[in-house]
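Structural overview
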Amino acid sequence: METLKKYWKWLLVLALVILVCLANRQSLPEILREVGKTPPMVIGAACLLSAGYFLAEGAVIYYMTKRYRPEFTCREGISCALYCAFYRVVTLGSGSGVAEIYYLNTRGIEAGTATGMSLVQYILHKVAVALYGITGFIILCIQGDTVVRSYRLQMVLGCILTALITAVLITAAAGKKITARIFRLLDKKLKPGSKAEQKAHTFRKQAELCQQEGGVLLHDKKALLIVCLLDAVKLSCWYMVPWLLFAGTTSLSLPDTMLLTALIQTLAAVIPCPSGIGAVEYVFSLFFGTYVSGVSAVSASLVYRFATFLFPCIPGAALAWRHYRWNKKRRMDRIRNNNERAGSQK
């Protein structure tokens, strides 16, 4: 049972892959041939845009960290972003936040502070995704876009759900009075020592850390503005990738493609799948399939997944190995120094 709990995400992804392959068994060879026809230059350009995402993500980490450790460099922030990208793939999303906390802690940031920073960074990212996607829906709706006319109800429901999730996240980050009332109510309702009570206690600690870091960031308006702008830049890097993949095969302009991709990411985010695997590909193929053939849409979704999810894992793996060796050497040096100090005192 414990093994099943440990690997349930991978089992779920494997089941999704098998179901997709079975559902598309007739067109699967054609899809793979379409992927193979993608010019290496286009794949390379898509990977460069993905690299731009992580450069901006690294800059976000740098601006949020330098307030506590001025000697922290932008290069270290970028390394942290790629380090987290590796663990995002290995753990299917659940370990990227922990990886960031661990990395920052080894760079001299206290674990509590690093946790608060990671939570605020996550919330700002989710808010940026939601605002970008909802803005895309509004603009495409005004333009009377084909895909909006076809899936308007699904889009409206997805945007409402996204707005509710965003409101909850903002409340957790800034609404001290509201969260305090919620946790007081939970204390009265939940049985002491129960699993639910323990989880509520964990959420309370996370909310306190998040509100503490959020309060610091809100007082630094310049840093907050820079982080928000960097979030918009990094998302734009990813949202430009489909335009490269569909260049010359669709009438969609670059801005329209970016807005549609933003909407796709927003709607896929409300589907409970590990790292959005399966959800992004499904919504991507569904919406872009309105403008190109289904085979082209599915093959483009696979290249999009590679560029934004798997490619960053390659430099991330190298950095993770390098960080492991550096941290191991640091611990050994500390033990040796402690032993020498203890020997000199005798």
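For the structure, see preceding data.
Notes on the structure follow. For clarity, every value in this text was computed on a predicted model and none was experimentally measured.

**What about the overall build of the chain?**
- Scanning the chain from terminus to terminus reveals 17 helices and 0 strands.
- Within the chain, the fraction of its 346 residues that count as buried is 42%.
- Nonlocal contacts in the chain, meaning residues at least 24 apart in sequence, comprise 72% of its contacts between residues at least 6 apart.

**A closer look at the packing of helix α5 (residues 74-90) against helix α6 (residues 96-106)**
- At a closest axis distance of 8 Å, the pairing of α5 and α6 adopts a crossing angle of 145 degrees. Two packed elements cross with a definite hand, and for α5 against α6 that hand is right-handed. Of the residues in α6, those in contact with Glu76, Ser79, Cys80, Tyr83, Cys84, Tyr87 and Arg88 of α5 are Ser96, Ala99, Glu100, Tyr102, Tyr103 and Leu104.
- By residue class, the composition of the contact of α5 with α6 is 8 nonpolar, 2 polar and 3 charged.

**What about the nonpolar core?**
- Leu104, Met155, Tyr239, Leu260 and Phe287 are the most contacted members of the largest nonpolar core, which totals 82 residues.
- Non-local contacts of leucine 104, meaning those with residues more than four positions away in its chain, are made with Ile61, Thr65, Phe72, Cys80, Ile109, Ala114 and Met117.

**Regarding α5**
- Helix length check: α5, at 17 residues, gives a terminal C-alpha distance of 25 Å against a target of 24 Å (1.5 Å per residue), a fit within 8%.
- Among all positions of α5, only Glu76, Gly77, Ser79, Cys80, Ala81, Leu82, Tyr83, Cys84, Ala85, Phe86 and Val89 are buried.
- Two residues or fewer after α5 comes leucine 92, characterised by a positive phi angle close to 55 degrees.

**Notes on the side chain of threonine 308**
- For threonine 308, the location among the structural elements is in helix α16 (residues 294-310).
- Threonine 308 sits in the buried class, given a relative accessible area of 5%.
- Within the structure, the side chain of threonine 308 is placed 2.7 Å from the backbone oxygen of tyrosine 304, a separation counted as a polar contact.
- Not counting chain neighbours up to four residues away, the residues in contact with threonine 308 comprise Ser50, Phe54, Arg88 and Trp238.

**Let's talk about a nonpolar patch on the surface**
- Together, Leu153, Val156, Leu157, Ile160, Leu161, Leu164 and Ile165 make up an exposed nonpolar region whose accessible area comes to about 630 Å².
- Of the residues examined, leucine 161 reaches a relative accessible area of 37% and is grouped as partly exposed.

**Concerning the environment of glycine 136**
- As for its placement among the helices and strands, glycine 136 is situated in helix α7 (residues 111-143).
- Classification of glycine 136 as buried rests on a relative accessible area of 0%.
- Distance in space between the C-alpha atoms of glycine 136 and proline 255 is 9.4 Å, their sequence separation being 119 residues.

**Notes on the packing of helix α4 (residues 40-65) against α5**
- Look at α4 against α5: their axes get within 7 Å of each other, and the N-to-C directions meet at 120 degrees. When the axes of α4 and α5 are compared, the pair comes out oblique. Between α4 and α5 lies a crossing whose hand is right-handed. Taken together, the residues of α5 that come into contact with α4 (itself represented by Phe54, Leu55, Glu57, Gly58, Ala59, Ile61 and Tyr62) are Cys74, Gly77, Ile78, Cys80, Ala81, Leu82 and Ala85.
- When the residues that make up the contact of α4 with α5 are grouped by side-chain class, the tally is 11 nonpolar, 2 polar and 1 charged.

**Quick notes on the pattern of salt bridges**
- On inspection of all chains with the given rule, the structure shows 6 salt bridges.
- In this structure, glutamate 57 engages lysine 234 in a salt bridge whose closest nitrogen and oxygen atoms are separated by 2.3 Å. Here lysine 234 lies in helix α12 (residues 221-239) and glutamate 57 lies in helix α4, a separation of 177 residues in the sequence.
- A salt bridge links glutamate 76 to arginine 107; the nearest nitrogen and oxygen atoms lie 3.0 Å apart. Placement of glutamate 76 in helix α5 and of arginine 107 in the loop between α6 and α7 is noted, with a sequence separation of 31 residues between them. Arginine 107 matches glutamate 76 in its accessibility class, with the two residues each being buried.
- It is possible to trace a salt-bridge network through shared partners that takes in Arg69, Glu71, Glu76 and Arg107.

**Topic: the packing of aromatic side chains**
- In total, this model carries 13 aromatic pairs according to the counting rule given.
- Through pairs of rings, three or more aromatic residues link up here, namely Tyr83, Phe86, Tyr87 and Tyr103.
- It is arginine 305 that lies over the ring of phenylalanine 309; its NZ or CZ is 5.0 Å from the centre.

**Quick look at a positive patch on the surface**
- A cluster of basic side chains, namely Lys177, Arg181, Arg184, Lys188 and Lys189, defines a positive patch on the protein surface.
- If you trace the backbone, lysine 177 turns up in helix α10 (residues 176-189).

**Considering the side chain of threonine 266**
- Within the fold, threonine 266 resides in helix α14 (residues 254-268).
- The buried category is assigned to threonine 266, whose relative accessible area is 1%.
- Among the polar contacts listed, one links the side chain of threonine 266 to the backbone oxygen of valine 129, at a separation of 3.0 Å.
- Not counting chain neighbours up to four residues away, the residues in contact with threonine 266 comprise Val129, Ala130, Gly133 and Thr162.

About the cut-offs
- Residues numbered from 1 in each chain as written.
- Predicted model: local features only at pLDDT ≥ 70, side-chain atom pairs only at ≥ 80, totals over all residues.
- Heavy atoms only, no water.
- Helix = DSSP H or I, 4+ residues; strand = E, 2+ residues; numbered from the N terminus.
- Buried < 20%, exposed > 50% of the residue type's maximum accessible area, 1.4 Å probe, protein only.
- Contact = heavy atoms within 4.5 Å.
- Axes fitted to C-alpha atoms, helices over the stretch in contact; angles between N-to-C directions.
- Left-handed = near helix turned anticlockwise from the far one by under 90°.
- Nonpolar A, V, L, I, M, F, W, Y, C, P; charged D, E, K, R; others polar.
- Core = buried A, V, L, I, M, F, W, Y, C linked by side-chain atoms within 4.5 Å.
- Expected span 1.5 Å × (residues − 1).
- Polar contact = N/O pair within 3.5 Å; in protein donor to acceptor, adjacent residues only side chain to side chain.
- Patch = residues over 30% accessible without salt bridge, like charges linked within 9 Å, V, L, I, M, F, W, Y side chains within 5 Å.
- Areas by Shrake-Rupley, 256 points an atom, 1.4 Å probe, with all protein chains shown as cover.
- Salt bridge = Lys/Arg side-chain N within 4 Å of Asp/Glu carboxyl O.
- Parallel < 35°, antiparallel > 145°, perpendicular 65-115°, else oblique.
- Phe/Tyr/Trp six-rings, centres within 6.5 Å; stacked < 30°, edge-to-face > 60°.
- Lys NZ or Arg CZ within 6 Å of the ring centre and 35° of its normal.
- Lys, Arg positive; Asp, Glu negative; His and termini not counted.
- Charge placed at Lys NZ, Arg CZ, Asp CG, Glu CD.

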